[in-house]
Amino acid sequence: MISEAQFQNELELLIANAIREDVGDGDHSSLACIPASAQGKAKLLVKDEGIIAGVAFAKMIFNYVDSNLKVETFIEDGTPVKFGDVVFHVSGSSQSILKAERMVLNSMQRMSAIATKTSSYVQLLEGTNTKILDTRKTTPGFRVAEKWAVKIGGGENHRFALYDMVMLKDNHIDFAGGITLAIAKTKEYLKAINRDLKIIVEARDLNEVKEIVAAGGVFRILLDNFDYEMTKEAVAFIGDASLTESSGNINEDTIRHYAECGVNYISSGALTHSIYNMDLSLKAID
């Protein structure tokens, strides 16, 4: 994964671009009818149930829009919430609150849905030694917040992007001329550019698993679309040579069965690409 400094930088870039996109040359609805001097207060109201996420991110957004806005937090990230709960109050310039409102809601609704989905998967894995991973199947421009939400929900982050880990998948292997050649070329490349990046290699069958292990130097082997018996056999063969990861069409009904096969990780794109936003609203209060 990327460093904490890089992660924070990505968050700042996300906020700046989202506010630029939404506000443009001004929030003319607010500018037209609300005096610049007007002060107000609003509450973040939960109209759903699940795991709340994005509270800390919302504070970053409010601070970016107006550093004088004050947030009083009642419920922290990662906490189960239900209909009627109030997560925080925000007070200060009424124009500033309205300027930040849509980005705060869009972000928190999606992040909370992701955290809720992740938490449900973590619960299904309880009692096993398997951890849940996200993927790069994220919303363009919003990846850093989505991966943050996975962490809030109790999951772990896979690589952040193409630059912080090597992942040789089926197309890389086929274009490179095979697994052994792809791994050898990767090792030579990393040595040439003096980069210490972890290498993950995807296996499509047991023969490819054996070829990856024989090549050596692979951090994790991704068992793609293996059935339970193949997964057990692959895990037994790999042993301590590499970490293992199951992937491909894994859902609520199958995830624990794969964990019980002994894999270290299970990755799921569904954490970020197949969720429904949590219903939240920001309501003005006296």
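Rules and cut-offs
Residues numbered from 1 in each chain as written. Predicted model: local features only at pLDDT ≥ 70, side-chain atom pairs only at ≥ 80, totals over all residues. Heavy atoms only, no water. Core = buried A, V, L, I, M, F, W, Y, C linked by side-chain atoms within 4.5 Å. Buried < 20%, exposed > 50% of the residue type's maximum accessible area, 1.4 Å probe, protein only. Helix = DSSP H or I, 4+ residues; strand = E, 2+ residues; numbered from the N terminus. Domains from an automatic or database assignment. Contact = heavy atoms within 4.5 Å. Axes fitted to C-alpha atoms, helices over the stretch in contact; angles between N-to-C directions. Parallel < 35°, antiparallel > 145°, perpendicular 65-115°, else oblique. Left-handed = near helix turned anticlockwise from the far one by under 90°. Nonpolar A, V, L, I, M, F, W, Y, C, P; charged D, E, K, R; others polar. Buried area = accessible area lost by both parts, 1.4 Å probe.

### Points about the nonpolar core
Okay, step 1: Ile-52, Phe-57, Phe-88, Met-108, Met-111, Leu-223 and Ile-266 are the most contacted members of the largest nonpolar core, which totals 82 residues.
Okay, step 2: The element best represented in this core is helix α4 (residues 94-124), accounting for 11 residues.
Okay, step 3: Residue-level mapping places this core at the junction of two domains, with at least three residues from each of domain 1 (4-117 + 276-285) and domain 2 (123-267).
Okay, step 4: Not counting residues within four places of it along the chain, the set of residues in contact with Leu-223 comprises Ala-203, Val-209, Thr-231, Ala-234, Val-235, Ile-238, Glu-245, Ser-246, Ser-247 and Val-263.

### Some thoughts on the packing of α4 against helix α5 (residues 143-152)
Okay, step 1: At a minimum axis distance of 7 Å, the contact between α4 and α5 shows a crossing angle of 40°. Viewed along their axes, α4 and α5 adopt a mutual orientation that is oblique. For the pair α4 and α5, the sense of crossing is right-handed. Residue-level inspection shows Arg-110, Met-111, Ile-114, Ala-115 and Thr-118 of α4 in contact with α5, the latter providing Ala-145, Glu-146, Trp-148, Ala-149, Val-150 and Ile-152.
Okay, step 2: Grouping the constituent residues of the contact of α4 with α5 by class yields 8 nonpolar, 1 polar and 2 charged.

### Some words on the domain arrangement of the chain
Okay, step 1: Domain boundaries assigned for the chain yield domain 1 (4-117 + 276-285) and domain 2 (123-267).
Okay, step 2: Domain 1 and domain 2 are separated by 35 Å when their C-alpha centres are compared.
Okay, step 3: Facing 19 residues of domain 1, the contacting portion of domain 2 comprises 14 residues.
Okay, step 4: Of the roughly 1,400 Å² buried between domain 1 and domain 2 on both sides combined, carbon and sulfur atoms contribute 78%.

### A word on unusual backbone geometry
Okay, step 1: The phi angle at Asn-194 is positive, at roughly 55°, despite the residue not being glycine.
Okay, step 2: Mapped onto the secondary structure, Asn-194 falls in the loop between α7 (179-193) and β8 (199-203).
Okay, step 3: A residue is classified by how much of its surface remains accessible, and Asn-194, at 69% relative accessible area, is exposed.
Okay, step 4: The phi dihedral of Asn-225 is positive, around 60°, even though this residue is not glycine.
Okay, step 5: Along the polypeptide, Asn-225 turns up in the loop between β9 (220-224) and α9 (228-238).

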